[in-house]
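Given next are the chains, with one letter for each unit.
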There are 4 protein chains.
Amino acid sequence: MVRYDFASDNTAGAAPEALNALVRANRGFTSGYGTDEVTSRAADLVRALLDADADVRFVASGTAANAVSLAALCRPFEAVLAHEHAHVCTDETGAPGLFGHGLGLIGLPGASGRIDPPALDRALDAPDVSHRQSPAALSLTNATEYGTLYSVAEIGRLTKAAKARGLGVHLDGARLANAAASGFQIKALKDLDIDILVVGGTKAGMPPTEAVVLFDPALARRFDARLKQVGQLPSKGRFLAAPWIGMLESDGWRDRALHANEMARQLAALMPFPVRHPVEANAVFVDMDDDALARLHAKGWFVYRFTDGTVRFMCSWATTQAAVDEIVQAARSAV
Amino acid sequence: MVRYDFASDNTAGAAPEALNALVRANRGFTSGYGTDEVTSRAADLVRALLDADADVRFVASGTAANAVSLAALCRPFEAVLAHEHAHVCTDETGAPGLFGHGLGLIGLPGASGRIDPPALDRALDAPDVSHRQSPAALSLTNATEYGTLYSVAEIGRLTKAAKARGLGVHLDGARLANAAASGFQIKALKDLDIDILVVGGTKAGMPPTEAVVLFDPALARRFDARLKQVGQLPSKGRFLAAPWIGMLESDGWRDRALHANEMARQLAALMPFPVRHPVEANAVFVDMDDDALARLHAKGWFVYRFTDGTVRFMCSWATTQAAVDEIVQAARSAV
Amino acid sequence: MVRYDFASDNTAGAAPEALNALVRANRGFTSGYGTDEVTSRAADLVRALLDADADVRFVASGTAANAVSLAALCRPFEAVLAHEHAHVCTDETGAPGLFGHGLGLIGLPGASGRIDPPALDRALDAPDVSHRQSPAALSLTNATEYGTLYSVAEIGRLTKAAKARGLGVHLDGARLANAAASGFQIKALKDLDIDILVVGGTKAGMPPTEAVVLFDPALARRFDARLKQVGQLPSKGRFLAAPWIGMLESDGWRDRALHANEMARQLAALMPFPVRHPVEANAVFVDMDDDALARLHAKGWFVYRFTDGTVRFMCSWATTQAAVDEIVQAARSAV
Amino acid sequence: MVRYDFASDNTAGAAPEALNALVRANRGFTSGYGTDEVTSRAADLVRALLDADADVRFVASGTAANAVSLAALCRPFEAVLAHEHAHVCTDETGAPGLFGHGLGLIGLPGASGRIDPPALDRALDAPDVSHRQSPAALSLTNATEYGTLYSVAEIGRLTKAAKARGLGVHLDGARLANAAASGFQIKALKDLDIDILVVGGTKAGMPPTEAVVLFDPALARRFDARLKQVGQLPSKGRFLAAPWIGMLESDGWRDRALHANEMARQLAALMPFPVRHPVEANAVFVDMDDDALARLHAKGWFVYRFTDGTVRFMCSWATTQAAVDEIVQAARSAV
């Protein structure tokens, strides 16, 4: 497709600096399974990005990254607390349950994708009975599914409550670049009592690759065996690591997200339908009735209704000003 | 590393035609999760390669490809029959058991990685009792772990016996290119009663990608959901599919394997240690004592002892004549 | 405890005819794992009870019986449709997810524990997409968690819709005896397109034992291996089967439930709090505020709040007229 | 069957003191899920038996008891070391793999069912690599599958080696009564660094019930939820606990095993076929060719060939002197 596709931030390919790094890494001979120098260099860059002394692995799938993380934090008779519209709850075909052997997911409410703190407290206060799966982990997402941000303080508020009850904490950072570009202090993450962080590469403009960051060193023991068993320890690991070198050496990881966020901001400003969530990252959600949506589809723009009933428009590193103008025009004629 | 590494056929990067195709595919905007045109084109090429009207999916990991296939053929209280040294038995960290929820693996003997047909018959004749996991699938590998080939007739002999008992059949073709280059008629596979075939891309000279071929159309129902749940349905699916276009349009898939096989043949001919298995693909296995192996390591050649106690040397698309000469010289001085 | 306990219908022991049969079965020597004559006789009686030519197994746990049934009907990337307050959803610690390797549970609404048919239709109409677990089974409960009944026609309405979409059907009959005693035609079950039925023994007045009835003969293949693997194929199977002989030869299975239902009817009629669900089986649910509940607890009656916020009183085969009078008096003084 | 059946030690019913206790416990009303006074009393008696301050649970299945224990000690990408002929390896339909989500089993050799200590050491010395499941637990069996005993010192030798590497230890005591009756000091178990012990009730002469003893208090957290999820937390828990009261208050647990062992001793002494393993508990294994076995079967004695090819004769609490004489006579005429 030549025309930009607002259906998702993964309809675009890879940013040039990511792909060029991949091509550059395709030289010489390396040992396998993440023991190579390309992987080592990329991991160093992720650690520098986060200013954290953590173990880093690169995997090919965000779904797998999240699911393997939750499996590391929960036992099958326990549950994960997450926003009820979090990707792990709504879009991963029950992957946490498979990777975690039946672990439960407890959906929490909260406006615009952010967990309501009192709702978390109530879930943590629920009696620990044997006939239900009691929580063992909290899963957060930043930027959220609704393109909003948690502040450092807000995450700290939630993780502190979870940690006080002995829970592990997972942060799904599929769009952490967009959060960072929007002012979220990612170097503060290391002090927020997070056990496992997944930093998104794919949506940030790379070929399929995500970084799994183990802040808790105890989790690192046999983590490669864990990854190997779930099919996420590739022999030619350099291909998952190299794009990170390209994006982090150049600061493309953040700059590309800054662009995506700016496109979303402009799109929201021009959109002729009511915008329903604060536009703090690269997504715009609007109220649109079925007829209007059908008219937009008829013009070849395949955006769709999201979990909350609004219609979602995603921007990415590859969204152009012209594409924004085009879809705004289409939207206006679809009103 | 500049020097070729004979430790595995995945120490090399990707062949130019594979990587160029990946770069070429990085244009425009595509729908996600394998619904894009790049994936569609690559699947057509795989079908043409096999002359088969089958469903094709591309995944990032051979371990996952095998494990998800076996999970599709077996229930948890059933078992897979495989050669006792098959990759699924020895090198995948129990992935079939995790993907298959505890399914069993029953190792069968056989010279040089090929299952001994009477051993299969005995396993099939074992009483179907409730206190053991009875077989529901047969898993074959071609080329085998020992660089040998099954003929079409030999595979037919084994699959016929399995099918007569109602088993499903999986073929691990991580090195199917090497088999094809060595004369194995891959277009005959469609008539061999195989349910799922995994065609190796990674070891054939691609970035991490494997093709899962569903000969049995009944398996295709909800297979995408199956893949999504195990973290093998990437949003940017084109990056897993594109290398296949490069390798199959150019016939690089077979030609590169032909080269690898030839390098192995030469290596075997020159090797100063006794060669232990027929060299029919890209591997050479030799008898070597610990002292000799240590001397080879000291010279910087990190080959290692395999499951059967021999030392394995792997060639690939990237093995050069010069590399063969170098390691032969090193081997000679290590005798 | 000497005083009757209305907290559950499992606080009572076993009815005399169940225990006497168990004692009688404790003679001689039998083969193991359900192959014995006691088990055979009990299975015949269950078949006669249902007028059905079905496979019957006896297991020690209702949770296991349900979970193993759902695992037999669903694959991990699929889901079970059930009432949102069904026991499998709320009281089994995620057992379906563990036995079913991460299968999903989709809760459906409906008054007083009965699934609302249009809600089922909507769930069946949801698009079959790969990023969610699409339904593969419908799980019903009769009598329901709220002590109400489905009629034969109502079950037929639901199973017909499910079957039209290819789903399997499971019926949790933990309190099927209560339904039968209240007029539900259990001999009609065989014609309702149910694949697996769990007939409750424990709540009907037996020691721990449940009958798993496989109406679909295809499910019977290797079902013993399935049970063995999940720890539900006891070597001394006669002890799970014998109570059924005692309860079915004497018609105690139904008569005891008739008594329990009658006690519930009387309790509801006398209860000084508003009764919230139709009393069609052995349960009474009332509105009661926290102070009143605390006063009842203070008098030593440990009933508790149920999922819907009402307070539940359960009767059983062992509930006496005197116990009903006592708790009614306590309730009156707690108003 | 009127005639004694030597096929297993579970062909007999329950000893009178076990069943009488069960009947006695069938009075009054109790809370559910193991919180009742019968369960509490039985747990006290198990603690007294072992002279240990441990958590005790009662479950309905030895297979489940073992599998849930191993699942508590291992993660899916890890393995259990066990004797290659241990019940968990050969007779539980892969239950550890299902309960443990794909955990591996590594079979170790050793004469007559006892793990060879150097073999354990070698397994512990194997490199901890990511492509194989490395051991996280050691599973022992006493009395062994071959009716032999480990001494306290021998168990200590093995558990010390395992503990030095950080492994957990499980002891399958399905026939611990027979070991105890043969002089094994069960009060010493608490000092042997065992994490979980399963004490057999069924084979000791009870209806289906096994005691799970958690020596490691850390394992007790949410263990009830773990049991509930796997269908091993029965609502009417008293029925699993009561037989223990009968057998432990009376010392029947040990006395009945003493009798079984003595019967085996006599049987071995009179058996006209070569006895193949030391007779230290209630089993006799003999060399017998197929014709002789067929002749024995023809006389109605359904003993069978065991994993090692010998023919097994099991005695139990219910084996009579007359039954021994009968089968010896049959065996003599079958020679």
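These numbers come from a predicted model, not from an experiment.

Each helix and strand in chain A was counted, giving 13 helices and 10 strands. Its C-alpha atoms give chain A a radius of gyration of 20 Å, within 12% of the compact-globule value 20 Å for 335 residues. Along the first, second and third principal axes, the C-alpha atoms of chain A reach 55 × 55 × 30 Å. Here chain A holds 335 residues, and the buried ones make up 67% of them. Long-range contacts, defined as pairs at least 24 residues apart, comprise 76% of the intrachain contacts of chain A with a sequence gap of at least 6. Carbon and sulfur atoms make up 52% of the accessible area of chain A, which totals about 10700 Å². Counting 33 positive and 38 negative side-chain charges, chain A places the averaged centre of each group 3 Å from the other.

This part covers the confidence of the model for chain A. The predicted model of chain A has a mean per-residue pLDDT of 97, with 100% of residues at 70 or higher. Predicted complex, confidence summary: ipTM 0.97, pTM 0.97.

The next thing to look at is the packing of helix α6 (residues 117-125) of chain B against helix α7 (residues 152-164) of chain B. All names here are of chain B. Direction vectors running N to C along α6 and α7 enclose 5°, while the axes themselves pass 10 Å from each other. Classified by the angle between their axes, α6 and α7 sit roughly parallel to one another. Facing P117, P118, L120, D121 and L124 of α6, the residues of α7 in contact are R157, L158, A161 and A162. In terms of residue class, the contact of α6 with α7 is built from seven nonpolar, no polar and two charged.

Turning our eyes to something else, we now look at helix α2 (residues 37-50) of chain C. All names here are of chain C. Here α2 spans 20 Å end to end across 14 residues, near enough to the 20 Å set by a 1.5 Å rise per residue. Listed in full, the buried residues belonging to α2 are V38, T39, A42, A43, L45, V46, L49 and L50. Along the axis of α2, the buried residues cluster in a sector spanning 160°; they form a single face. Those residues of α2 that are buried lie in contact with α1 (16-25), β1 (55-59), β6 (196-200), β7 (210-214), α10 (238-249) and α11 (252-270). In this structure D36 caps α2, since a side-chain oxygen of it lies 3.1 Å from the backbone nitrogen of V38.

Moving on, we come to the pairing of strand β10 (residues 311-314) of chain D. All names here are of chain D. Burial along β10 is two-sided: the face carrying V311 and F313 and the face carrying R312 and M314 are both buried. In this sheet, β10 lies alongside strand β8 (residues 283-286) in antiparallel orientation, the contact comprising four bridges. Looking across to β10, one finds that V284 is bridged to F313. As defined by bridge partners, strand β9 (residues 304-305) adjoins β10 across two bridges and the pair is classed as antiparallel. Across the sheet, the residue bridging to Y304 is R312, located in β10. Between β9 and β10, which pair antiparallel in sequence order, lie five residues; one of them, G309, sits at a positive phi of approximately 95°.

Our next topic: the interface of chain A and chain B. Tallying the contact residues gives 48 residues for chain A and 48 residues for chain B. Overall, the association of chain A and chain B removes approximately 4000 Å² of surface from exposure, summing both partners, and the carbon and sulfur fraction of that is 57%. In terms of surface lost to chain B, no three residues of chain A exceed F29(A), Q229(A) and K236(A), which account for 21% of the buried area on that side. At the boundary of chain A and chain B, one finds zero salt bridges. The interface formed by chain A and chain B holds 24 residue pairs in polar contact (both at pLDDT 80 or more) in total. Going through the elements one at a time, α1 (16-25), α3 (62-73), α5 (95-99), α9 (223-229) and α10 (238-249) of chain A are the ones with two or more residues in the side of chain A that touches chain B. Residues belonging to the side of chain A that touches chain B are distributed by class as follows: 23 nonpolar, 18 polar and seven charged.

Looking now at the sheet that holds strand β10 (residues 311-314) of chain C. Read from one edge of the open sheet, three strands run β8-β10-β9 (chain C), paired in antiparallel fashion. Unpaired on one side and paired on the other, β8 (283-286) and β9 (304-305) of chain C mark the two borders of the sheet.

Next up on the list: the sheet that holds β9(D). Read from one edge to the other, the open sheet built from three strands follows the order β8-β10-β9 (chain D), with strand pairing classed as antiparallel. At either margin of the open sheet sits one strand with a lone partner, and together these are β8 and β9 of chain D.

Next up on the list: the pattern of salt bridges. Residues and elements named next belong to chain B. A complete count under the given rule lists 68 salt bridges over all chains for this structure. Of the charged contacts, one joins R75 and E78 as a salt bridge, the two residues approaching to 3.1 Å between their closest N and O atoms. Of the residues examined, E78 reaches a relative accessible area of 3% and is grouped as buried.

Each side of the interface is counted separately: chain B has 15 residues, and chain D has 15 residues. Counting the surface lost from both chain B and chain D, the interface buries some 1100 Å², and carbon and sulfur atoms represent 56% of this. Taken together, the connections running from chain B to chain D amount to zero salt bridges.

Here the focus is the pairing of strand β2 (residues 78-83) of chain C. Residue and element names in this part refer to chain C. The buried count for β2 comes to six of six residues, which makes it a mostly enclosed element. As paired strands, β2 and strand β4 (residues 134-141) are joined by five bridges and run parallel to one another. Note that in β4 the partner of V80 across the bridge is A137. Alignment of β2 against strand β3 (residues 104-108), held across five bridges, turns out to be parallel. Looking across to β3, one finds that H83 is bridged to L108.

Moving on to the relation of the copies chain B and chain D. Aligned on chain D, chain B shows an RMSD of 0.0 Å; the corresponding rotation is 180° and the shift along the axis is 0.0 Å. Interpreted geometrically, this transformation is the action of a two-fold axis. It is G102(B) whose C-alpha, among those of chain B, lies nearest the rotation axis, at 2.2 Å. Comparing interface residues between copies, 100% of those in chain B also sit at the interface in chain D, which points to an isologous, same-surface contact.

Now for the environment of I115(C). Residues and elements named next belong to chain C. Structurally, I115 is set in the loop between β3 and α6 (117-125). Under the relative-accessibility criterion, I115 is labelled buried at 3%. Distance from I115 to T319, taken between C-alpha atoms, is 29 Å for residues 204 residues apart in sequence. Look past the residues within four positions of I115 in its chain and what remains in contact with it is A82, H83, L108, P109, G110, L120, L138, S139, L140, Y150 and L158.

Attention shifts here to the environment of P118(D). Take P118(D): it is sitting in helix α6 (residues 117-125). Separated by 152 residues in the primary sequence, P118(D) and L270(D) have C-alpha atoms spaced 35 Å apart.

The description of an aromatic ring pair rests on the distance of the ring centres and on the angle between the ring planes. This structure, assessed with the given rule, holds 28 aromatic pairs over all chains. Aromatic pair F29(C) and Y4(D): ring centres 4.8 Å apart, planes at 75°, arrangement edge-to-face. Remark: Y4(D) occurs in the segment before α1 (16-25) and F29(C) occurs in the loop between α1 and α2; the pair is interchain, linking two chains. Across this residue pair, the class does not change: F29(C) and Y4(D) are buried. Connected via pairs of aromatic rings, a cluster forms that spans Y4(A), F6(A), W301(A) and F29(B). Positioned above the aromatic ring of W301(A) is the side chain of R3(A), whose terminal nitrogen or guanidinium carbon lies 4.0 Å from the ring centre.

Cut-offs used in this document
Residues numbered from 1 in each chain as written. Chains lettered and ligands numbered in written order. Predicted model: local features only at pLDDT ≥ 70, side-chain atom pairs only at ≥ 80, totals over all residues. Heavy atoms only, no water. Helix = DSSP H or I, 4+ residues; strand = E, 2+ residues; numbered from the N terminus. Rg over C-alpha atoms; globule rule 2.2 N^0.38 Å. Buried < 20%, exposed > 50% of the residue type's maximum accessible area, 1.4 Å probe, protein only. Contact = heavy atoms within 4.5 Å. Areas by Shrake-Rupley, 256 points an atom, 1.4 Å probe, with all protein chains shown as cover. Lys, Arg positive; Asp, Glu negative; His and termini not counted. Charge placed at Lys NZ, Arg CZ, Asp CG, Glu CD. pLDDT = per-residue confidence, 0-100. Axes fitted to C-alpha atoms, helices over the stretch in contact; angles between N-to-C directions. Parallel < 35°, antiparallel > 145°, perpendicular 65-115°, else oblique. Nonpolar A, V, L, I, M, F, W, Y, C, P; charged D, E, K, R; others polar. Expected span 1.5 Å × (residues − 1). Arc of directions from axis to C-beta. Polar contact = N/O pair within 3.5 Å; in protein donor to acceptor, adjacent residues only side chain to side chain. Pairing = 2+ DSSP bridges. Buried area = accessible area lost by both parts, 1.4 Å probe. Salt bridge = Lys/Arg side-chain N within 4 Å of Asp/Glu carboxyl O. Least-squares fit on C-alpha atoms with pLDDT ≥ 70 in both. Phe/Tyr/Trp six-rings, centres within 6.5 Å; stacked < 30°, edge-to-face > 60°. Lys NZ or Arg CZ within 6 Å of the ring centre and 35° of its normal.

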